Every structure is written in structure tokens, then in C-alpha cells.
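Each chain, letter by letter, is given below.
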Amino acid sequence: MEKDLDIVNKFLERRLQQADIQGILSTLDISSREGFLSKITDVLVKLTALLEVSKKVSDTLELDVLLERMIAITTEAINTDRGTLFLNDKNTEELFSRIAQGNLKSEIRFPNHLGIAGAVFKSGEAIIINDAYADPRFNKEIDKKTGYRTRNILCAPIKTKQNEIIGVIQLLNKHDGNFWEDDLALLEAITSQASSALQNARLFEEVQKAKAEEKQLLEITSAISSELQLQPLLVKIMETTTDILNADRSTLFLHDEKTNELWSQVAQGIEIREIRFPSHLGIAGSVFTAGETVNIPDAYKDPRFNQEVDKKTGYTTKSILCMPVKNKEGKTLGVVQVLNKKDGPFTRTDENRLRAFSAQASISIENAKLFDDVLNMKNYNESMLESLSNGVITLNEEKRIVKCNSAALKILDTEACYIIDKPADEYFSDNNKWILEHIDSLVKTGKPYLAMDVELSLSDGKKASINLMVVPLINIKQAHIGSMLVLEDITTEKRIKSTMARYMTKEVAEKLLETGDTILGGQAQVATVLFSDIRSFTTISEKLGANETVGMLNEYFTRMVDVIFNYNGILDKYIGDAIMAVFGTPFKSPDDADHAVMAAIDMLKALRKFNRERVAAGKTAIDIGIGINTDEVVAGNIGSLKRMDYTVIGDGVNLASRLEGATKYYGTRIIISEFTFKQLKESYIYREVDKIRVKGKLNPVAVYGILDYHDDESFKNMREVVKIYNEGIACYREYKWKDSINRFQEALSLNENDTLSRFYLERCQYFIKNPPDTEWDGVWTMKEK
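Residues numbered from 1 in each chain as written. Predicted model: local features only at pLDDT ≥ 70, side-chain atom pairs only at ≥ 80, totals over all residues. Heavy atoms only, no water.

Caption draft 1: Inspection of the overall build of the protein at higher detail. When its secondary structure is counted, the protein shows 24 helices and 26 strands. Every one of the 785 residues in the protein was classed for burial, and the buried ones make up 44%. Considering only residue pairs separated by 6 or more positions, the protein has 58% of its internal contacts joining residues 24 or more positions apart. Here the protein has roughly 42900 Å² of accessible surface; of this, 51% comes from carbon and sulfur atoms. (Helix = DSSP H or I, 4+ residues; strand = E, 2+ residues; numbered from the N terminus. Buried < 20%, exposed > 50% of the residue type's maximum accessible area, 1.4 Å probe, protein only. Contact = heavy atoms within 4.5 Å. Areas by Shrake-Rupley, 256 points an atom, 1.4 Å probe, with all protein chains shown as cover.)

Here is the structure:
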């Protein structure tokens, strides 16, 4: 300040010593002595302003207060309408100022090279602009938006004693005319006087802010470290991240090592929705893959940003800070992504704060994931325990019963309250004391004990037949921590279920148990019977040899029976390489015929896949034929006293077998009888094969071929061929042999491999040369089975 006063004093002394009053007036651009006195008064006022600056800037360390005082002093001293003081933010290379809006403070920021203030900051030279609208650097749009009219501007850099520029002060619209050099000199003197105070206040604010952030981070770390459940922890971390960075929203993506995906959970109303995507996609994916932080001030200028997400949600993403979350070993656990900082782009300070918080959060995440894994394992074990059909009872070191699953409660015919937490010697007493003896032996020797087909006495005097295993429970140090009893129920119902499950689905077997075994005694009912047989099996088996033939059959039967079970069929029996399945016994449904046809279709599709695998392995492909018939059959346990099987017998079964044999004759794979055809409810691609009289039967039956197992590769132009084929059959029924031949030839022109069209073409050609009797009813009699 003394330097600034000295400048003014020397200027006045020099002029007064010269005693050239007119020269003084001319130098100061004053035309009269009155003006001279006015100017001297003005200088004294400004000197007073400097004294005021020194006083007011030295008694506060609050930056906002200091900024207000500086603006008030400069606008009053230089007699201007308004002023703004901009400080430079080194982290963001922006000029910022704070303005009051009611009880709140808001910050305005812009790059430190833009506008008049930016030009002054970058050049370090003050600017006097007495016609703002004539200067190209002035942004007229601001006046249009605010309704304010800017006439003239005085803008000067704020420099420290080390000549470092720390900001810019800008004054608008001097009240009594233009800005002059003496206005600039005074402004520079004021800013020079205040620069140290501004530096101190800025430093004080940063220290206070750092303390507050450190305190906040400590409180947040304590809060999240106490949360062990993963989903609430993720919510806390996202809310905290948004808060400490003053952002609009944030998302924490964790890495799923099993699927190599990034995932997060977001709230949708009262529900939680999980989002997942491959760990290399998008900005989050690139950060996870590279392990490097990405700070994007303008999302729409970054090619990695997917703007379609904003279009769908209606949200506008401006700035993005995305950072990997790493544990203490440096392993990347996931990515935290923060959007739209409220007071400008994200800074290096924000990156450091997020990095510090992420380091603390990673510990909590690993703890929560470990807790989640332990909880999931516990639930998994509990679910597995409850899902077991065998009873399981666990005892602790004191031989108290800790766990007893539902199956064990059912076998023991008791409730949990009567067994849980009971001493073993109290519960297993009297006739069951032998169990306790084996538990004691296990504790001493550590050797498991197995008892087959033993009796367990129940509380109501009943007996249960079980297989019992007693095994030790040990910890990771191989120390004994308890015992486990495994009880397998082998009562009559259990044995029936085990037997029936070999040739029917679990659901049918369970229903059979619920109904009782009286249904197995034999009853007549309508059912659909399916026969399948491998073509040329004798030749194939001779070529393969015994071992490979058995292996092939086992794999083939497994796939076919799985299909049959899938449509609620039961496996009646294997007859060499043939399969006999029944739909509608022991329990019928209105869809039995459809289930049989659908099973046949899927069996051929499964066979196609099976053959592709065999051919790829250099093995021989196989082919099968399937016959299906619906009729009344007798179903029940049939056999000797030593060996009985649940099966069906009757003419309906024989016809199904004959139809399977007919598939070889007609060159088609699925043939169904008219009785099955009439019961179908679903739509299929089919055609009439013939009216036949099987060997040993007098009554003819119409048979149909099902073609839905074909695709475009296995049957070209299928629908067109079927249509033309049906026209040919219609002519055939009317003995129009030539018309039939034309139709069948046309069908063969569309698909030369259609064996049935070729079959009828040859039959019609035969009938032209050898016409049938006039009494022929159109039925073909099969000579062979």
C-alpha cells in the first residue's frame, strides 16, 4: 500500500514543483482550478479506499466474505455499476466466481481462456474497453439473456507479490463516463493490496474443505464397514459416492467372474432390478478392462458413450467419472461410475477423493461378498438338506441334535420341537439305543458305520425299515465337531416307487403311490402304444462288435426314454433293440394320443442329433421306425411270483408292433393307426399311407404318416409334395391309375427322395399291367409281420 501512495504523491509533487498549474490541469485533463480541486478530492477518496482495503481484507479468512468486500470496495472506489472477481481453479483450469441467490451461493465457471476475463488472465495485461459492443471478445448474448446493458469494461489481473496471476477482477459501467488510466492504476493498487488476503482465504478454505472431507470420509467408512449384506451395501456406496462428489447419480458395477459380466442392482419402484452386460462393453467395460480411470467432461463427445441410453430414459448425461475399484492386492473388483457433477466437470480432486473412498469401499465389498457367499452356502446347504429324500440328523460335540430335515421327521413320524436340541441318549433310547452305541463308537474310532435294512421303533409303536449310515463331522483342522445320521426309508412304498421309477416318470410313480398299488392288479383301459425298432440292427451289431453295440444301445435308449418321459409316457420294456412305450397307463389323460405322436417326432429329432455326433466321431448312423396305435388294452403287473413287471397286452399292442414293421415296407418312419389319428387334437403335417390288413387280422385299418420331424434339408418342398401326393392317393382310390401316376411323378420331380410317392408310382404301374379284381376294396393285405 505504501508503494501505491508513493506513486500518487510523487506524481503530485512533480507537478506542483513545476508551478505550472495549467500544465497540471492539462496533464490531468482538467480545464479549471475547480476541476483540479475535484480531482485532488477524488484522489484522496481513492487513497481512503486503499486504506479501507487494507483494513477490511486483513480481518477475515472466509473467501466468500472477502470476495463480497472486494467487489464492494472496488465498485465504490471507481464508481461503477457492478463488478465480479474471478479466481483461477488450477485443477480444472477454470475461472470461477460466487454469487448470492437468496440465502444460497452459486458458482459460475468457464474455461480460463474464454471471454474478456480469460484474455486478461492469459495475457496478464489489463484491458480498458469503453465501448463493449465494439469489442469482438464481448459476448452480447449475456446482455440479451439478463436484460442488462454493458457500456464499458475495466478488467485487470490479480497478481501476487511473486507476480503469479491468481484471478481477474472485472468492473462494468462507470457512472460518470469512461474508464481512464488512473482508474486502472487504482484498481491495480487495490488488487495488489488484496492479493495476499485472497491467497490466504483460498488456502484456508481448501484446508477447511479437506478437513471436512476427511471427517466425512471417516464417518462414511465407519458406516459402510458395519454393513455386511451386499445389496444394502451397494446402495450405501452409490448414495455416498453421489453425495461426496456432489453428483447427480452414481452406479457401482461388480464383476461376476463366473459369467465375466459387470452387474449392478438398481431400484425400480419397490423392486430391485439387476442389470448385466459383458465386462468389456461401454465406458464401464473399458475402465474395467484397462484398469485406468476415465474422466469425461463432455459425454456426448466421447465415442464410447452410448447416447441411445439417454434417449430411452430421457436423462441427459453431461460429465462422467469412471474408476476401477481395486482391493489391496490390486485385483479389480468392479467399476464405480459417477454422472453429472452439479458444479462443473469432475476434477483431479474428485478423482483423488473417489480413489480414497473406493479403496475403503473395496474392503467392505469383499467382506460383504464373503458374507454373502457364506450365507448362500448356508442357504444352499439348508436347501440341499431339505431337498434330500433321505433323512438327515446332525449332532454336535455334546451329542445334542442340531438339525433334522423334513425327510427325517417324516421317517421318525415326529415334529421338530420333539427332537431338535434333545440329547441323543434321551431321544434314541429303549429299542433304538443301538443307534447311540454306534454314535459312541464313531466318536472313539472316527470310522463311519453302515447298517442295511434295519428297524427303527417309532413313538406310536410302528416300525420303519431303514438303511442307516453314521458319519463323522470334522472341521478344516480335521478335528471332530459332531456326527451325522443318514436314514434311507425302504418301506414298501419306497420300494414300489424305486421299482416304478425305472420305467415311468417320477411324477407318475408318485401319483401311483398316492393312489395305492391296487391299480397294478390289472384293468382294461384305452391307451396309446408306441413301438420303435432300429433298422438292420443285426447287420449293425455284427459290424460294431459286442462292446460297441452295448455302448451304442445304452446311449440310444437313454436319449429315447428321456423323450418318452418328457411326454408322460412309461417305458413298458426293451425288446432287444426295440422300445415299447405306453401313454395313458396307469393314469390316462385326454392328450395321450398327442403325447405319443409328439414323443415320436422328438425321438426322430433326437436321433438326428445322435447320428450327427456318431458320424462326426467316425461311427455308423442308425435309423428307426415307429408305429403307434390307440386301443383298449389290459394293464397290470404280469409275470411269475418271483418276477413281475407292469405291462400292457392286447390286440392294440400287437397292431402298434405291426405298424412299426410296416414303416420298413412303405419307406416311412412314423405310421399311426386311424384310431390314434381320430384322437389327435393338435395339428400335424400328415398324409394317408394306405388301408392295410395286417397278418392274422381280417378287419382293415387306415394308417397315416407323420412328417413333422422333417426339416427343409431332410424333405425338400414337403408341403407341396404332400398336397400333390394326396391328390394322387385320391385318384388311386378311384382306380385312376394314369392320373395317379402323373401326380406321383410330379411329387417326385419336387423331391426325388420321397419313397412313398415312388412306392405308389410303382404300384400304379403294376395295376395298369395287372388290374385288381373288380371286388377289390382298396385294402392292401400285409403278408409279413
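Caption draft 2: Spatial organisation of unusual backbone geometry. With an omega of -5 degrees, the peptide bond between Thr 585 and Pro 586 qualifies as cis. Position of Pro 586 among the secondary structure elements: in the loop between β20 (578-583) and α19 (592-616). Backbone geometry at Asn 163 places phi at a positive 65 degrees, although glycine is not the residue there. Here Asn 163 shows up in the loop between β5 (153-159) and β6 (165-174). Phi at Asn 340 is positive, roughly 55 degrees, even though this residue is not glycine.

Caption draft 3: Focus on the pattern of salt bridges. Under the definition given, this model contains 31 salt bridges. For Asp 440, the salt bridge goes to Lys 399, with nearest N and O atoms at 2.3 Å. Of the two residues, Asp 440 is situated in helix α14 (residues 433-445) and Lys 399 in the loop between β13 (391-396) and β14 (401-404); the sequence distance between them amounts to 41 residues. Owing to a relative accessible area of 28%, Lys 399 belongs among the partly exposed residues under this scheme. A salt bridge links Glu 674 to Lys 678, with the nearest nitrogen and oxygen atoms 3.5 Å apart. Placement of the pair is Glu 674 and Lys 678 together in helix α21 (residues 674-679), with a separation of four residues, close to one helical turn. On the basis of relative accessible area, Glu 674 is assigned to the buried category, the value being 17%. Here Lys 678 falls in the exposed class, since its relative accessible area comes to 63%. Several salt bridges converge on common partners, so that one network encompasses Glu 688, Asp 690, Arg 733 and Arg 763. (Salt bridge = Lys/Arg side-chain N within 4 Å of Asp/Glu carboxyl O.)

Caption draft 4: Here's a closer look at the nonpolar core. Core analysis: the largest hydrophobic core is formed by 42 residues, its most contacted members being Met 552, Tyr 556, Ile 626, Ile 628 and Ile 670. Of all the secondary-structure elements, those providing two or more residues to this core are β18 (523-534), α17 (537-544), α18 (546-566), β20, α19, β21 (624-639), β23 (670-673) and β25 (701-706). If you tally residues by element for this core, the top one is α19, at 11 residues. Those residues in contact with Ile 670, other than ones at most four positions away along the chain, are Ala 600, Ile 601, Leu 604, Ile 626, Ile 628, Thr 663, Tyr 704, Gly 705, Ile 706 and Tyr 709. In terms of nonpolar packing, the next biggest core, distinct from the first, is built from 26 residues, Leu 436, Ile 439, Val 454 and Leu 458 among them. (Core = buried A, V, L, I, M, F, W, Y, C linked by side-chain atoms within 4.5 Å.)

Caption draft 5: Molecular detail of the pairing of strand β17 (residues 480-489). Two elements, β13 and β17, share six bridges in a ladder whose sense is antiparallel. Within β17, the residue paired with Asn 396 across the bridge is Gly 482. Pairing of strand β16 (residues 463-474) with β17 involves nine bridges; the strand directions are antiparallel. When the bridges of β17 are listed, Ile 474 appears paired with His 480. In this antiparallel pair of consecutive strands, β16 and β17, the connection spans five residues, and Gln 478 shows a positive phi of 65 degrees. (Pairing = 2+ DSSP bridges.)

Caption draft 6: Broad picture of the environment of Asp 248. The topology assignment puts Asp 248 in strand β7 (residues 247-256). Judged by its relative accessible area of 38%, Asp 248 falls in the partly exposed class. It is 9.6 Å that separates the C-alpha atoms of Asp 248 and Thr 317, two residues lying 69 residues apart in sequence. The residues touching Asp 248, leaving out its near neighbours within four places in the chain, are Thr 242, Tyr 315, Leu 339, Asn 340 and Lys 342.

Caption draft 7: Focus on the packing of α17 against α18. Two elements in contact, α17 and α18, have axes separated by 6 Å at closest approach and are oriented at 125 degrees. When the axis of α17 is compared with that of α18, the two are oblique. The segment α17 lies against α18, with Phe 537, Ile 540, Ser 541 and Leu 544 engaging Ala 546, Glu 548, Thr 549, Met 552 and Leu 553. In terms of residue class, the contact of α17 with α18 is built from six nonpolar, two polar and one charged. (Axes fitted to C-alpha atoms, helices over the stretch in contact; angles between N-to-C directions. Parallel < 35°, antiparallel > 145°, perpendicular 65-115°, else oblique. Nonpolar A, V, L, I, M, F, W, Y, C, P; charged D, E, K, R; others polar.)

Caption draft 8: Quick peek at the sheet that holds strand β15 (residues 449-457). One open sheet holds the five strands; their spatial order is β14-β13-β17-β16-β15, and the pairing between them is antiparallel. In the strand order of this sheet, the two ends are held by β14 and β15, each with one partner. Taken over all neighbouring pairs, the strand axes of this sheet differ in orientation by 25 degrees on average, direction set aside. Sheet topology places β13 next to β14; three bridges connect them, and they run antiparallel. Counted as the bridge partner of Thr 394 is Lys 403 from β14. Set on the sheet, α14 makes contact with β13, β15, β16 and β17; between it and β16 the angle comes to about 20 degrees.

Caption draft 9: Geometry of the packing of helix α22 (residues 718-733) against helix α23 (residues 737-750). One way to put it is that α22 packs onto α23 with a least axis distance of 8 Å and a crossing angle of 165 degrees. One finds that α22 runs roughly antiparallel with respect to α23. Crossing angle aside, the handedness with which α22 passes α23 is left-handed. Listed contacts from α23 to Glu 720, Val 721, Ile 724, Tyr 725, Glu 727, Gly 728, Ile 729, Cys 731 and Tyr 732 of α22 are Trp 737, Asp 739, Ser 740, Arg 743, Phe 744, Glu 746, Ala 747 and Leu 750. Residue composition of the contact of α22 with α23, by class: 10 nonpolar, two polar and five charged. (Left-handed = near helix turned anticlockwise from the far one by under 90°.)

Caption draft 10: Spotlight on a nonpolar patch on the surface. The grouping of Met 377, Tyr 380, Met 384 and Leu 388 at the surface amounts to a nonpolar patch, some 400 Å² of accessible area in total. The topology assignment puts Leu 388 in the loop between α11 (348-387) and β13. (Patch = residues over 30% accessible without salt bridge, like charges linked within 9 Å, V, L, I, M, F, W, Y side chains within 5 Å.)

Caption draft 11: Spotlight on α19. The first and last C-alpha atoms of α19 sit 36 Å apart over 25 residues, in line with the 36 Å expected at 1.5 Å per residue. Directly beyond the C-terminal end of α19, a positive phi value near 80 degrees is found at Gly 618. (Expected span 1.5 Å × (residues − 1).)

Caption draft 12: Representation of the pairing of β20 within the structure. In terms of burial, β20 is largely enclosed, as six of its six residues are buried. Hairpin geometry of strand β19 (residues 570-575) and β20 is characterised by an intervening segment of two residues between the two adjacent antiparallel strands and by a positive phi of about 65 degrees at Gly 576.

Caption draft 13: Summary view of the confidence of the model for the protein. When pLDDT is averaged along the protein, the result is 81, and 80% of the positions lie at 70 or above. Here residues 14-25 scores under 50 on pLDDT; set against residues more than four positions off or in separate chains, the count is 12 contacts. (pLDDT = per-residue confidence, 0-100.)

Caption draft 14: Expanded view of the side chain of Asn 467. Tracing the sequence through the fold places Asn 467 in strand β16. Its relative accessible area of 11% is what places Asn 467 among the buried residues. Setting aside anything within four residues of it in sequence, one finds Asn 467 in contact with Ala 451, Met 452, Asp 453, Val 486, Leu 487, Glu 488 and Ile 490.

Caption draft 15: Just the side chain of Thr 647, in detail. Assignment of secondary structure puts Thr 647 in strand β22 (residues 644-649). Note on Thr 647: relative accessible area 9%, which makes it buried. Looking at Thr 647, its side chain comes within polar contact range of the side chain of Asp 572, at 2.7 Å. Dropping the residues within four chain positions of it, Thr 647 is found in contact with Asp 572, Lys 573, Val 634, Ala 635, Gly 636 and Ile 638. (Polar contact = N/O pair within 3.5 Å; in protein donor to acceptor, adjacent residues only side chain to side chain.)

Caption draft 16: Here's a closer look at the environment of Arg 98. Its place among the elements puts Arg 98 in strand β2 (residues 94-101). Expressed as a C-alpha distance, the spacing of Arg 98 and Thr 84, which sit 14 residues apart in the sequence, is 8.9 Å.

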